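Structural overview for review
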Amino acid sequence: MSIVIDGLVLGLQLALLSVGMVFVYGLGGILNLAHGEVAVAGGLIAALLLQGGRPPVVACSAGVIASGALAWFIDRTLLRPAYSRHGEERLILALILTLGTSFALDGFFTYRYPNVALTLRLPTTSVDLFGITVRTASLAVGGLALTTFGVLLGFLKSTMLGKAIRCIIQNEAGALLCGVDVDRVRTFTLFLSGLLAGLAAIAQGFFSYLGPDMGAEFTILALIVAVVGGVRSLTGTFLASLLLGLVNTTMSYWVGTYLTWIALLAVTVTTLLVRPQGLLAYWP
Amino acid sequence: MNARPVLSHMLPVLGTGIALAAVPLFVRESGYVLRIATFLLMLATYAVGFNLLFGHTRQLFLCIGVLAGTGAYGSVLLVRNAGLNPVAAIAVAVAIATGLGAFLSYVGVRRGFGVLFVGIVTLAVSLIFQNLVLGLRKYTNGETGIVTQGLGVGLAENPVQAYYILLAVLVAALAVYQEIMGSRHGLALHALSDDEVSAELSGIDVARYKVGVAALAAGFISLVGALFADWNGFISPSLFSVGHVDIPVLIVLLLGGMRTLLGPVVGAIVFTIVDAIVRPFGQLTVLAYGVLLVALFLVFREGTVTLLQRGWEMVQSSTQRGQVGRGVAADEDGDPLSQRTNSRAKSPY
Amino acid sequence: MLEVRELWVGYNDVSVIRGVTLEVPAGEATAVLGPNGSGKTTLFRALVGLLRPRSGSILFEGVPLNGLRPPQVVQRGIVYVAAERELFPQLTVLENLELGAYCCPRAFQSRLELVFELFPRLAERRSQRAGTLSGGEQQMLAIARALMAQPKLLLLDEPSTGLAPLLVAELYRRLEALRREGVTILLAEQQVGAALSLCARVYVLKEGRVAFCGGASSLRGSSELRKAYLGGIGGVGG
């Protein structure tokens with residue numbers, strides 16, 4: 001039972017990580033392969049601040065904001081040339097630019113901070129909840145993720161900016177004609193995706209630890225979720241995250257890491273072959 | 001009648017071969033430099049394959065390492081565990097990898113995948129391969145790797161001979177490339193890299209071309225992979241990871257110039273020099289790769305060879321007409337409306 | 001209200017609009033006629049900032065628009081209804097209209113009443129998804145969405161495309177009503193008859209240049225002129 005809960009909470013963490021990537025892709029046709037590195041950057045900054053003796057809440061908030069700022073910076077600088085192109089050309093340009101960025105950041109982190117890792121310890125390790133022993137870390141991450149999603153959904157449904165985001169995903173040209181400043185909304189979305197990625201990194205700190213070399217793994221995980229959930233569907237992303245979280249936790253427990261990875265990747269490839277719009281995709 | 005055009009279009013290939021053949025004469029004392037030069041040949045051959053895949057048929061195969069690794073692990077395991085003789089083992093491994101390349105391409109073509117999906121699928125294949133090799137520890141020794149001494153044709157013991165064999169492979173790849181591009185098929189490939197639907201409508205069998213090119217590229221890549229296993233004396237999964245093979249190959253091709261004959265060679269030379277400079281800094285190489293990739297794609301997308309060609313043309317035209325040729329002004333401020341209707345018109349349904 | 005002088009616009013190396021000069025007086029409807037490929041859509045895209053002109057100037061209420069991006073142009077009061085309509089198919093009619101008022105959300109309620117008055121059909125279907133509307137209703141919605149932004153100048157790109165003749169007539173009655181309300185209209189059309197019924201002033205574009213300009217009556221009266229500039233296209237009468 002506690003495996004199921006762990007799996008679901010891992011799923012929530014995956015959702016935090018992947019929603020941003022899905023958003024950015026839906027909005028601009030850009031698959032941000034530096035997404036995982038953005039998360040790691042925030043986690044590392046939080047870890048460094050913790051080492052410097054700052055209180056955990058301050059350190060974590062600063063880390064999350066740093067992730068957002070990094071994503072914003074990537075948008076304002078590197079992705080400019082990509083946005084000025086369209087269709088497949090934009091896709092390829094952004095793919096390779098963000099791939100290069102992820103390598104550059106990964107190299108920098110592992111070179112400069114090889115031994116920095118983010119670990120957040122809670123005062124008690126587990127609590128008893130309706131007769132089930134639950135790790136407090138799971139509760140913390142679950143609460144964090146659910147609150148975040150509540151706020152996110154509210155923002156999308158009821159604010160004008162949220163509506164603008166949804167309408168650009170559907171019809172970029174139409175949004176332009178309505179007077180929506182597509183460029184600015186896109187930049188904001190990247191910032192938002194950075195914040196969410198930063199939260200995912202903090203969640204990782206609660207679970208076990210976050211090291212400087214975990215960016216690539218984060219990116220791949222987000223990519224798998226995005227593919228299985230459908231690169232344009234929020235509900236799909238959410239469902240896929242929970243499902244993959246469960247599969248990941250249970251399979252790692254029973255058959256080991258390598259096979260789990262192979263299974264996850266095989267699911268990804270199969271999804272693309274069988275239902276390229278996403279196994280669990282459904283809009284809105 | 002026929003011999004002259006054949007010879008003249010093969011001249012650059014021969015010239016490259018002869019120039020590179022002279023390298024061991026100069027570096028005979030230094031085994032280290034020869035090693036680097038041999039590695040350069042392999043990188044260039046990988047890039048010729050990737051050029052065919054990505055440059056000419058827009059198939060973003062992020063599994064060059066898998067194809068090379070299939071050649072490497074396939075040949076080594078066939079000798080070690082099945083007792084095949086090394087040459088036969090290499091042949092079988094190359095055949096397997098060729099089939100894999102063709103299969104991946106076929107799947108992509110059949111499902112109508114764009115660049116992105118082919119990229120994701122092949123990236124997933126790369127990661128599956130890594131985990132497979134790590135997981136099948138019984139056969140592959142996992143991360144520890146396999147010492148290949150005595151399992152191959154003995155390239156590790158004869159570095160100069162190894163150099164020439166790999167040079168022969170590179171020259172062969174270049175010759176095949178040049179032969180294809182000079183023929184009717186070259187025109188077809190050019191058409192389909194421009195616009196697949198239009199190419200299809202003019203009677204070009206896009207699917208066959210893509211799959212055929214993928215098979216050919218996979219063949220050369222896996223052959224080099226198999227030879228690498230023998231030459232290096234040791235293989236481990238990380239030697240065939242995306243970061244170790246695909247990224248450098250991508251950089252090499254961008255550096256040299258996509259869709260050019262000599263781009264892969266020039267790119268490999270420049271890359272090798274840069275790599276030799278940053279290698280002592282350990283983890284910084286990864287950073288350097290990343291920065292290189294970004295910088296290249298932003299400012300240098302056409303590559304050295306194209307740039308040199310254009311420079312040469314400009315010099316020629318300026319000496320002939322006394323004026324500098326007009327640069328091509330790219331329209332940067334695109335129009336999403338027109339572009340979208342355009343792509344809509346192109347989409348296959 | 002709108003003055004275009006010696007405008008050159010193009011894609012890559014090709015100039016599509018080659019030195020167009022035109023004027024749209026406030027409160028009137030003006031038509032830009034011409035066959036396919038004569039540059040009507042390109043002209044409109046340049047006016048709303050989707051394309052950057054090579055040279056020439058665009059003055060709106062005496063202020064130059066050069067270099068502004070579409071959102072800023074919408075803010076100034078020029079709204080473009082593209083021939084493709086560019087609706088949000090998954091959003092409801094009401095949500096589409098809400099986004100139309102993106103740049104002036106405070107005026108939403110009053111505009112909505114006005115738009116529903118003009119297009120009662122849309123009021124009936126307010127919670128239906130835009131993608132499920134018929135072609136005529138979609139065109140109405142596209143125009144209604146543009147009206148939500150409180151346009152001073154409405155650019156209509158071939159609003160009659162894909163509509164049955166009866167619907168075209170109905171559409172033009174609505175446009176006539178709009179014009180009477182004081183909305184300035186610049187209209188690109190291939191259906192010459194319908195356009196001439198609405199517009200006082202007509203420009204005929206041919207290969208990116210103004211081939212004729214004058215009152216609608218002079219074009220309507222002269223069959224010679226029509227034959228010369230419009231060839232065989234367009235409906236008869238008006």
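Reading guide: rules and limits
Counting of residues starts from 1 at the beginning of each chain's written sequence and follows it residue by residue. All chains are assigned letters beginning with A, and all ligands numbers beginning with 1, in the order in which they are written. pLDDT decides what is reported in this predicted model: residues at 70 or higher carry local features, side-chain atom pairs at 80 or more are listed and counted, and totals for whole chains, interfaces and linings draw on all residues regardless. In computing side-chain properties, one takes all heavy atoms of the structure into account and sets aside hydrogens as well as water. Strands here mean DSSP runs of E at least two residues long; helices mean DSSP runs of H or I at least four residues long; both are numbered from the N terminus. Just to be clear, the radius of gyration here is over C-alpha atoms, and the globule rule we use is 2.2 Å times residues to the power 0.38. For this analysis, residues touch if any pair of their heavy atoms sits within 4.5 Å. When a residue's accessible area, from a 1.4 Å probe over protein chains only, is under 20% of the maximum for its type it is buried; when over 50% it is exposed; and in between it is partly exposed. For this analysis, a polar contact is any N or O atom pair within 3.5 Å, provided that within protein one partner can donate a hydrogen and the other can accept it, and provided that sequence-adjacent residues contribute only side-chain to side-chain pairs. Buried area is a sum: the accessible area each of two parts loses on coming together, probed at 1.4 Å, counted once for each and added. Any Lys or Arg side-chain nitrogen found within 4 Å of a carboxyl oxygen on Asp or Glu counts as a salt bridge. Note on pairing: two strands pair once DSSP finds at least 2 bridges between them. The axes are straight lines fitted to the C-alpha atoms, using for helices just the contacting stretch, and the angles between their N-to-C directions are given from 0 to 180°. Angle categories: roughly parallel below 35 degrees, roughly antiparallel above 145, roughly perpendicular from 65 to 115, and oblique for all the rest. pLDDT measures how confident the predictor is about each residue, on a scale from 0 to 100.

A word on the overall build of chain A
Helix and strand counts for chain A stand at 12 helices and two strands. In sequence order, the secondary structure elements of chain A are arranged as α-α-α-α-α-β-β-α-α-α-α-α-α-α. Computed over C-alpha atoms, the radius of gyration of chain A comes to 18 Å, within 12% of the 19 Å expected from 2.2 N^0.38 for 284 residues, which places it in the range of a compact globule. Sequence separation of 24 or more characterises 75% of the internal contacts of chain A that already satisfy a separation of 6 or more.

Some remarks on the environment of M1(A)
Residue and element names in this part refer to chain A. Along the chain, the position of M1 falls in the segment before α1 (2-28). Residue M1 is classed as exposed on the basis of its relative accessible area of 63%. Along the sequence, M1 and T133 sit 132 residues apart, while their C-alpha atoms lie 9.0 Å from each other.

Observations regarding the side chain of T45(B)
Residue and element names in this part refer to chain B. For T45, the position within the fold is in helix α3 (residues 31-57). The exposure class of T45 is buried, given its relative accessible area of 1%. At 2.8 Å, the side chain of T45 and the backbone oxygen of L41 are in polar contact. Excluding its chain neighbours within four sequence positions, the residues that come into contact with T45 are V169, L170, A173, F220 and V224.

Here's the deal with the interface of chain A and chain C
Where interface size is quoted, it is often the accessible area lost as the parts come together. Opposite the 21 residues of chain A that make contact, chain C presents 21 residues. The contact between chain A and chain C buries some 1,900 Å² in all, and 64% of this surface belongs to carbon and sulfur atoms. Counting across the chain A and chain C interface gives four salt bridges. Among the salt bridges present, the one from K163(A) reaches E98(C), with a minimum N-O distance of 2.4 Å. For the side of chain A that touches chain C, the secondary-structure elements that each account for two or more residues are α7 (160-170), α8 (172-177) and α9 (182-207) of chain A.

Concerning the pattern of salt bridges
The tally for this structure, following the rule as stated, stands at 22 salt bridges over all chains. For K40(C), the salt bridge is made with E158(C), and the minimal N-O distance between the two is 3.4 Å. With K40(C) in helix α1 (residues 40-47) and E158(C) in the loop between β7 (153-157) and α7 (165-180), this residue pair connects regions lying 118 residues apart in the sequence. Summarising the burial analysis for this pair, K40(C) and E158(C) share the class buried. Salt bridges sharing partners connect three or more residues here, namely D75(A), R80(A), R90(A), E172(A), D181(A), D183(A), R186(A) and R69(C).

Focus on the interface of chain B and chain A
Taken together, the 44 residues of chain B in the interface contact 42 residues of chain A. In this assembly, chain B packs against chain A so that about 4,000 Å² is buried in total across both faces, 80% of it on carbon and sulfur atoms. Area buried by chain B at its contact with chain A is led by L116(B), N131(B) and F297(B), which between them contribute 14% of it. Where chain B touches chain A, the interface holds zero salt bridges. Taken together, chain B and chain A are joined by one residue pair in polar contact (both at pLDDT 80 or more). Those elements that provide at least two residues to the side of chain B that touches chain A are α6 (115-135), α12 (242-256), α14 (284-299) and α16 (336-346) of chain B.

Here's the deal with the pairing of strand β9 (residues 201-206) of chain C
All names here are of chain C. The pairing of strand β3 (residues 29-33) with β9 spans four bridges and is parallel. Within β9, the position partnered with A31 by the bridge is V202. Here β9 hands over to strand β10 (residues 209-215) after two residues, with E207 in that stretch at a positive phi of 50 degrees.

A closer look at the packing of α3(B) against α12(B)
Residues and elements named next belong to chain B. Following both chains from N to C, one finds α3 and α12 inclined at 75 degrees, their axes separated by 9 Å at the closest point. Taken as axis vectors, α3 and α12 run roughly perpendicular relative to one another. Where α3 abuts α12, its residues L43, Y46, A47, F50 and N51 lie against V245, P248, V249, L250, V252 and L253.

Notes on the confidence of the model for chain B
All names here are of chain B. Of the residues in chain B, 89% reach a pLDDT of 70 or more, and the chain-wide mean stands at 85. This stretch, residues 322-349, has a pLDDT under 50; its non-local contacts, to residues over four places away or in other chains, come to 41 contacts. Note on the complex model: pTM 0.83, ipTM 0.87.

A few points about the sheet that holds β9(C)
What holds strands together in a sheet is hydrogen bonding between their backbones, with the strands either parallel or antiparallel. Residue and element names in this part refer to chain C. Spatially, β6-β7-β8-β3-β9-β10 is the arrangement adopted by the six strands of the open sheet, whose pairing is mixed. Lying at the two open borders of the sheet, with one neighbouring strand each, are β6 (78-81) and β10. Strand after strand, the sheet turns through a mean of 15 degrees between neighbouring axes, direction not considered. Here β7 pairs with strand β8 (residues 184-189) via five bridges, running parallel. Counterpart to L154 in the pairing with β8 is I185. Contacts between α1 and the sheet are confined to β3, β6, β7, β8 and β9, with β8 contributing the most and set at about 145 degrees to the helix. Against the sheet, helix α6 (residues 135-148) engages β6 and β7, with an angle of about 170 degrees to β6.

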